[in-house]
Amino acid sequence: MGKKITIYDLAKKLNVSPATVSRSLNDHPSISKKTKDKIIAAAKSLGYRTNKFAANLSQQKSNTIGVIVPRLNSNFMSTVLAGIEKVANDVGYNLIISQSLESAEKEVLNAKTLYDSGVDALMISLAYGTENFDHLTTFIDRKIPLLFFDRVFDLPNCPTILIDNEAAGYEATEHLINQGCTNILHIAGGLKRNVYCQRFKGYKRALEKYGITFREDNLVEVDLDLSRVPEVIAHIKESDPKIDGLFVANDTFAVHCIKELKKEGYRVPQDIKVMGFNNDPVSEVISPNLSTIDYPGYKMGVLAGQSIIGHLSGTINLQSANQITLRHTLIIRESTQK
């Protein structure tokens, strides 16, 4: 009971050679239709399952792509994965998706597991804490295609797909300034990661252009964990001069800031204007609706999938591509309107 059925079990039951069973299951032209039908029927009735990794071993190909993301409970990351999966499934590739949970140690473990599973390629968006990249150079050394998306790092022969986060941060901040804000607080994710570092650079550049002095206490670096929203609200309440604009590095954190600010008696946007980032569905559910930057996650996933599969099929050479930049869009809603 519970024993896995092998081609040897099928061969013994049907009194044929294991080679005949294998060829029949792989639709080899040398086996008659009658024999194939008999063997396939027996395989189904006994619950035989094809081992795809073993079947592809001779080709050194698994038809599987590994994907590592920081978290699966992110609307943005879910849309990216949907895009990757659509492209992969259309051409017969499977995905093995794992999450680092923002842990560098777990990211290393995930990468090793995917490598040992024989994936044909790896796509990764980095965890907050990743500073060493030895776990990824294994893929490069073995010439297994490696592509970074969203949270990226510059490694040799590894393309990246992202938006111009500095330009997006600049536009978000400029919009708040144009709406009359003069003391803008920026809530950043971990600044070790390119996306948050570049958004902060854009924020500072906009302040500089409009002659607003950057104040060190107008940067609050958090990991965008919602448990830290009270800390941000306390900072806003204690600030002197008062904060009149809030630029938050993602929508979910921004929405929870709006909810807590309203509880504290602040009026949004009259007392404080709030700008998010990503254009998650939650940005249209909160009242007032949240102004944000549209980050095209699904399009990013489709492009990442097409790039990897194109490389695997030989139609494009990923090593010749350095950085692919997608367009973002400033979306103005009620939370920043005069």
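The following refers to the structure shown. (Residues numbered from 1 in each chain as written. Predicted model: local features only at pLDDT ≥ 70, side-chain atom pairs only at ≥ 80, totals over all residues. Heavy atoms only, no water.)

1. Observations regarding the side chain of Asn110
At step 1: Note that Asn110 resides in helix α6 (residues 104-116).
At step 2: Here Asn110 falls in the buried class, since its relative accessible area comes to 8%.
At step 3: Apart from the residues within four sequence positions on either side, Asn110 is in contact with Ile68, Ser98, Gln99 and Ser100. (Helix = DSSP H or I, 4+ residues; strand = E, 2+ residues; numbered from the N terminus. Buried < 20%, exposed > 50% of the residue type's maximum accessible area, 1.4 Å probe, protein only. Contact = heavy atoms within 4.5 Å.)

2. Thoughts on the sheet that holds strand β8 (residues 245-248)
At step 1: A sheet is described by the order of its strands in space; here four strands give the open sequence β7-β6-β8-β9, paired in parallel fashion. Each having just a single partner strand, β7 (219-221) and β9 (273-275) make up the two edges of the open sheet. On average, adjacent strands in this sheet sit at an angle of 15° to one another, irrespective of strand direction.
At step 2: Looking at chain direction, strand β6 (residues 184-188) and β8 are connected through four bridges and run parallel. Counted as the bridge partner of Leu185 is Leu246 from β8.
At step 3: In the packing of helix α10 (residues 229-238) onto the sheet, the strands contacted are β6, β7 and β8, and the crossing angle to β6 comes to about 165°. (Pairing = 2+ DSSP bridges. Axes fitted to C-alpha atoms, helices over the stretch in contact; angles between N-to-C directions.)

3. What to know about the side chain of Asn165
At step 1: Positionally, Asn165 belongs in helix α8 (residues 165-178).
At step 2: A distance of 2.8 Å separates the side chain of Asn165 from the side chain of Arg199, its partner in a polar contact.
At step 3: Contacts of Asn165, omitting those with residues within four sequence positions, involve Val195, Gln198, Arg199 and Phe277. (Polar contact = N/O pair within 3.5 Å; in protein donor to acceptor, adjacent residues only side chain to side chain.)

4. Things to note about the pattern of salt bridges
At step 1: Going through the model one piece at a time under the given rule, you end up with 13 salt bridges.
At step 2: In this structure, Glu166 engages Arg205 in a salt bridge whose closest nitrogen and oxygen atoms are separated by 3.1 Å. Placement of the pair is Glu166 in helix α8 and Arg205 in helix α9 (residues 194-209), with a sequence separation of 39 residues.
At step 3: Here Arg267 ties to Asp271 by a salt bridge, and the two come within 2.9 Å at their closest N and O atoms.
At step 4: For Asp271, a relative accessible area of 23% gives the class partly exposed. (Salt bridge = Lys/Arg side-chain N within 4 Å of Asp/Glu carboxyl O.)

By themselves, these are just geometric observations and shouldn't be taken as functional.
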